Amino acid sequence: MILLLGASGYVGGALAANLQTRGLPFSAPSHAELDAGSKDALAAVLDALHPDFVINAIGFTGRPNIDGTEFEKLHCLTANTTVPGVLAEVLADRGIPWGHVSSGCIFDGARADGSPFTETDPPNFAFSHPEASWYSRTKAMAETLLADHPDCVVWRLRIPFDQFDHERNYLSKLMRYDQLLEVTNSISQLQEFADACVETLLRRLPGGLYNVTNPGAITTSEAAEIIRKSGLCDKTFRYFENEDTFLSAPGRVKRASCILSSEKLAAAGIKMREVHEAVAWSLRNWQWQPT
Ligand SMILES: NC(=O)c1ccc[n+]([C@@H]2O[C@H](COP(=O)([O-])OP(=O)(O)OC[C@H]3O[C@@H](n4cnc5c(N)ncnc54)[C@H](OP(=O)(O)O)[C@@H]3O)[C@@H](O)[C@H]2O)c1
């Protein structure tokens, strides 16, 4: 039995689908059934279920986007930092293995020599960065807390996309936004991400940080060109002149754009498709949301 937290969410839904496809039994209490920020409530669920492992996909990314976290700081702090902190304590007491969905948004750019950030690099887009979003800060704080719990597997997700049209899917966003910002990112195909997360637990890989992104990096215009070639969208993509123009809109916070190495995951035997190939595959298998 697996306990999946945050199953009603965008990422949790993909993890639930993966467990279902694998035929693995799991319990997925809703937020209304379990407030995971409460130690007593969490302990009661764990003591009733005795899960083999726990997956934490609880979090808050802001509505309609990351800018929204600046206006809901306490909710964001609870979901992104307090919940994993409480989980770490309650699960350590019971010796239950678990994994936590973190984010690559705690990095900006690449290493000084242009190479991708690895799991040994400290985050450079958190409290030390004056422009870091509240969201990035809460995610970095959770990783700091979890560093004291080396048994926890921490999966860094980055800009999820897949073949299912959705307001949270990066490819849907590119197709719908009026203007795009040209940046370079390592990004994660959501089903491959979910599959990799579950594999790390089933294979009992050592705890710690894992960048769970498709190998390589992709620019906005490269992704837009793959969309254009797919024939799914015939609009002419327009771009902001530069990041300053993008950030000049009221209430807009700086986005982290970063290149991450996924070599640690690959070296552990879990392979994901090269990023351009994963984007092209998702577009070839595209399913529009019913209107
Ligand atoms: N989406 C992205 O682009 C992205 C990128 C990188 C990393 N991540 C990370 O992935 C995780 C999931 O994000 P998401 O996009 O799937 O968010 P989401 O769609 O908003 O889902 C969040 C889930 O957490 C639940 N939840 C929130 N607070 C809770 C609490 N105190 N107790 C119990 N359940 C609670 C929500 O339930 P209710 O809705 O009922 O409150 C919902 O099921 C987060 O940690 C996020 O930082 C997301």
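The structure displayed is predicted, hence computed values, not measured ones.

Along the chain, Ala 16 turns up in helix H1 (residues 10-22). Classification of Ala 16 by C-beta neighbours within 10 Å gives buried; the count is 21. In this structure the C-alpha to C-alpha distance between Ala 16 and Arg 203, which are 187 residues apart in sequence, comes to 18 Å. Non-local contacts of Ala 16, meaning those with residues more than four positions away in its chain, are made with Leu 4, Ala 7 and Ala 28.

What follows concerns the site of the ligand. Taken together, 27 residues lie near the ligand, and Gly 6, Gly 9, Val 11, His 31 and Gly 59 sit nearest. Counting residues per element, the ones that place at least two in the shell around the ligand are H1, helix H3 (73-94) and strand S4 (98-103). By residue number, the principal contributor to the shell around the ligand is H3, which donates 4 residues. Looking at the shell around the ligand, its residues break down into 12 nonpolar, 12 polar and 3 charged.

All right, on to the packing of H1 against helix H6 (residues 190-202) then. For any two helices packed against each other, one specifies the crossing angle of their axes together with the interaxial distance. Taken N-terminus to C-terminus, the directions of H1 and H6 make an angle of 65°; their axes are 9 Å apart at the nearest point. In this structure, H1 crosses over H6, and the sense of that crossing is right-handed. Here Ala 14, Leu 15, Asn 18, Leu 19 and Arg 22 of H1 lie close against H6, whose contacting residues are Leu 190, Gln 191, Ala 194, Asp 195, Cys 197 and Val 198. Across the contact of H1 with H6, the residue classes tally to 7 nonpolar, 2 polar and 2 charged.

In this section: the sheet that holds strand S10 (residues 208-211). Here we have 6 strands laid out as an open sheet, ordered S2-S1-S3-S4-S5-S10, and parallel in their pairing. On the outer flanks of this sheet lie strand S2 (26-27) and S10, each paired with one strand and no other. One ladder, built from 4 bridges, connects strand S1 (residues 2-5) with strand S3 (residues 53-56); its direction is parallel. Considered in S3, the bridge of Ile 2 is made with Phe 53. Against the sheet, helix H4 (residues 134-146) touches S4 and strand S5 (153-157), its axis set at about 145° to S4.

Counting residues in hydrophobic clusters, the biggest one holds 76 residues, and the most contacted among them are Leu 4, Leu 15, Ile 55, Ala 57, Leu 87 and Cys 197. Per element, the largest residue contribution to this core is 8 residues, and it comes from H3. Contacts of Ile 55, omitting those with residues within four sequence positions, involve Ile 2, Leu 4, Leu 5, Leu 15, Trp 98, Gly 99 and Cys 197.

A rise of 1.5 Å per residue sets the reference length of H4, with its 13 residues, at 18 Å; its end C-alpha atoms lie 19 Å apart and thus fit the reference within 8%. Burial within H4 is extensive, with 11 of its 13 residues counted as buried. Next to the buried residues of H4 lie H3, S4 and S5.

The rules behind the values
Residues numbered from 1 in each chain as written. Predicted model: local features only at pLDDT ≥ 70, side-chain atom pairs only at ≥ 80, totals over all residues. Helix = DSSP H or I, 4+ residues; strand = E, 2+ residues; numbered from the N terminus. Buried ≥ 20, exposed ≤ 12 C-beta atoms within 10 Å, placed from the backbone. Contact = placed C-beta atoms within 7 Å. Near = placed C-beta within 6 Å. Nonpolar A, V, L, I, M, F, W, Y, C, P; charged D, E, K, R; others polar. Axes fitted to C-alpha atoms, helices over the stretch in contact; angles between N-to-C directions. Left-handed = near helix turned anticlockwise from the far one by under 90°. Pairing = 2+ DSSP bridges. Core = buried A, V, L, I, M, F, W, Y, C linked by C-beta atoms within 7 Å. Expected span 1.5 Å × (residues − 1).

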